[in-house]
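# Architecture at a glance
Listed here are the chains, written in short residue letters.
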Amino acid sequence: MRFKLLTIALAGTLLATAQEVTITRHEQLLKGVESQAYSPVLSADGEKVLFSQSDYRGLKVYDMKNGVTTKIADDAMAGFCPTFSRDGKTVYFMSQSREDMRVFREMKSYDLASRATAVVAEKSRGMLAPVAVEGGLAVVSDNGRKMMSNRQSGVFAYADGAELVVVRNGVEKRFSPVDTKYTYLWVSLSPDQTKILFYAGAKGAYVCDLDGNLLADLGKYYAPAWMGDDYVVAENSTNDGHQYESCQIMLLKADGTFKKALTKPESMSMNPTASASGNRIVYSTIDGRMYLMELTIK
């Protein structure tokens with residue numbers, strides 16, 4: 001009897017967490033115009049998307065409101081995890097060069113209104129992807145961490161090996177919520193800045209709070225990204241050790257109670273990115289096509 005009651009209770013929980021997901025729009029962007037559109041990054045308002053070539057060289061922005069594509073840079077590694085500023089007015093990206101067989105990176109900014117580019121962090125070794133903060137960005141390299149912002153308060157997070165580094169109002173704390181001999185990747189704050197999404201090398205995607213307390217194990221999915229405060233989009237892929245065998249886009253609830261495939265495994269769809277409002281997704285395919293998807297979730 002006790003087992004029967006437990007089964008009924010579990011069934012009720014599953015029903016309570018079930019979601020009705022409807023794809024209301026699904027179409028290719030820049031069809032017949034761009035042959036290489038990889039690694040998209042969607043702005044918080046869902047109106048602009050950054051994209052690059054397959055080797056991360058160069059960076060462009062596509063404005064979905066007016067249908068205009070603008071070249072931002074031709075630099076090597078410019079397309080590796082660029083980010084929009086939190087106010088959506090600026091793009092931050094890296095530029096990579098080699099000197100005496102050593103790799104250096106510098107950080108640049110691009111003003112979307114004036115189309116002006118500026119160097120905001122000089123060449124350094126070990127520079128990580130830019131992290132947007134209130135009023136600017138944080139740059140982390142072998143030279144340490146620098147805040148380039150008109151405000152010194154707020155929250156941001158990044159990975160340092162197999163540690164999460166959380167900075168709140170200038171105070172740093174380090175956590176390792178998931179044990180792995182590899183590094184953490186794809187670290188990001190939820191839009192409401194209360195949760196951290198990350199991938200623990202060879203383990204999977206997880207969500208924790210700002211004190212490092214683990215909230216959810218989402219499964220072995222790659223390239224996770226926030227879709228609003230309560231959902232995550234991620235890549236579900238398989239490979240033979242050399243090349244992809246299958247790849248699809250997944251919708252996951254951030255508490256781990258729900259998942260749904262948004263594309264088929266044979267679609268070879270990857271690198272999803274989503275709007276802060278949680279209703280718009282952009283992803284790319286293995287052959288360099290870029291797609292827009294809009295959802296309603298009830």
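The shown structure was predicted, so the numbers you read here are calculated from the model rather than taken from an experiment.

Rules used throughout
- Residues numbered from 1 in each chain as written.
- Predicted model: local features only at pLDDT ≥ 70, side-chain atom pairs only at ≥ 80, totals over all residues.
- Heavy atoms only, no water.
- Pairing = 2+ DSSP bridges.
- Helix = DSSP H or I, 4+ residues; strand = E, 2+ residues; numbered from the N terminus.
- Axes fitted to C-alpha atoms, helices over the stretch in contact; angles between N-to-C directions.
- pLDDT = per-residue confidence, 0-100.
- Contact = heavy atoms within 4.5 Å.
- Salt bridge = Lys/Arg side-chain N within 4 Å of Asp/Glu carboxyl O.
- Buried < 20%, exposed > 50% of the residue type's maximum accessible area, 1.4 Å probe, protein only.

## A short note on the sheet that holds strand β22 (residues 244–253)
Taken in spatial order, the four strands of this open sheet run β20-β21-β22-β23, and their pairing is antiparallel. Taken across any chain shown, the strands that pair with only one partner, and hence form the sheet edges, are β20 (222–227) and β23 (259–261). Averaged over all pairs of adjacent strands, the angle between strand axes in this sheet comes to 25°, irrespective of strand direction. Pairing geometry for β20 and strand β21 (residues 231–239), over four bridges, is antiparallel.

## Topic: the sheet that holds strand β3 (residues 48–52)
Pairing is antiparallel in the open sheet, where four strands are placed in the order β2-β3-β4-β5. With one partner strand each, in any of the chains shown, β2 (38–42) and β5 (68–73) form the two edges of the open sheet. Shown here is a sheet whose adjacent strand axes are inclined to one another by a mean of 25°, direction ignored. Here strand β4 (residues 59–63) pairs with β5 via five bridges, running antiparallel. In the strand pairing of β5, Tyr62 is matched with Thr69.

## Examining the confidence of the model for the protein chain
This prediction gives the protein chain a mean pLDDT of 93; 94% of its residues lie at or above 70. Predicted confidence is poor over residues 1–16, with pLDDT under 50, and the contacts of this stretch with residues over four places away or in other chains come to zero contacts.

## A closer look at the pattern of salt bridges
Tallying each qualifying case throughout the model produces 17 salt bridges. Here Arg25 and Glu294 are joined by a salt bridge, their closest N and O atoms 3.1 Å apart. Of this pair, Arg25 sits in strand β1 (residues 21–29) while Glu294 sits in strand β26 (residues 290–297), placing them 269 residues apart in sequence. On the accessibility criterion, Arg25 (30% relative accessible area) is partly exposed. Classification of Glu294 as buried rests on a relative accessible area of 17%. In this structure, the salt-bridge partner of Asp63 is Lys48, at a minimum N-O distance of 3.9 Å.

## Notes on the pairing of strand β7 (residues 90–99)
Where strand β6 (residues 83–84) meets β7, two bridges bridge the pair, whose relative direction is antiparallel. By the bridge assignment, Thr83 is partnered in β7 with Tyr92. Where β6 folds back on β7, the antiparallel hairpin that results is connected by five residues, among which Gly88 adopts a positive phi of roughly 75°. Linking two consecutive strands that pair antiparallel, namely β7 and strand β8 (residues 102–111), is a turn of two residues; a positive phi of about 55° is found at Asp100 within it.

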